Amino acid sequence: MVEVSETLNVSASDFFDTIIESVVYDACQATGKNIRKSHLKKGFSYSKKIKNSFGKKENSRVVIQEFEAPSIYKVKFEGSTGYDIMTYKIESLEDEKITVRYSEDFISEFTVEGKSSKMMEKLNNKRAQRRAKKLLKNIEAYIQNKQNTEDIQENEYSNG
């Protein structure tokens, strides 16, 4: 299990909306259907191709398990080798400051015992923690850049 907690300088609603925009885009790409934000709720699911841990693409089912704007988004990716559960818990601290608790848990259909598997698990968890922190910081930067672009366009429009 991987758990990361980060304080970000964005609002809870902006962070949640960004996640949901990404989910809508992903669902549209995977299904070829016109998915809207209003379709997303607990129990919503779709199928897509995802690379498994061996690098091979396989069909996977994506199921939203929890959906409470703007505080929690939990999704399960079900594949042939097991399933992965990702959770974003968002807590507002101030107007433009939040704490995001991100967790990811992979449950494998295959179990490997021994010291080498425990070492690989620790190594993979460290890698996943770094990737998760980078992901959260990239979402923060995306939101801030988007806001800056909107501010510039608004200023140009009102001055133009």
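Note that the structure is a prediction, hence the values are computed from the model and not measured. (Residues numbered from 1 in each chain as written. Predicted model: local features only at pLDDT ≥ 70, side-chain atom pairs only at ≥ 80, totals over all residues. Heavy atoms only, no water.)

### Some thoughts on unusual backbone geometry
Right, on to step 1. Residue P70 follows A69 across a cis peptide bond; omega there is -10 degrees.
Right, on to step 2. Among the structural elements, P70 can be located in the loop between β3 (57–68) and β4 (72–79). (Helix = DSSP H or I, 4+ residues; strand = E, 2+ residues; numbered from the N terminus.)

### Some remarks on the confidence of the model for the protein chain
Right, on to step 1. For the protein chain, per-residue confidence averages 88 on the pLDDT scale, and residues scoring 70 or more make up 83% of the total.
Right, on to step 2. Taken element by element, the predicted model of the protein chain shows its lowest mean pLDDT in helix α2 (residues 115–159) (80) and its highest in helix α1 (residues 12–31) (97). (pLDDT = per-residue confidence, 0-100.)

### What to know about the pairing of strand β5 (residues 82–94)
Right, on to step 1. When β4 meets β5, the two strands line up antiparallel, connected through eight bridges. Considered in β5, the bridge of V75 is made with M86.
Right, on to step 2. The antiparallel pairing of β4 with β5 creates a hairpin that spans two residues between the two strands.
Right, on to step 3. Between β5 and the antiparallel strand that follows it, strand β6 (residues 97–108), lie two residues. (Pairing = 2+ DSSP bridges.)

### Quick word on the pairing of β4
Right, on to step 1. When β3 meets β4, the two strands line up antiparallel, connected through seven bridges. In the strand pairing of β4, E66 is matched with K74.
Right, on to step 2. In sequence, β3 turns back onto β4 through a hairpin of three residues.

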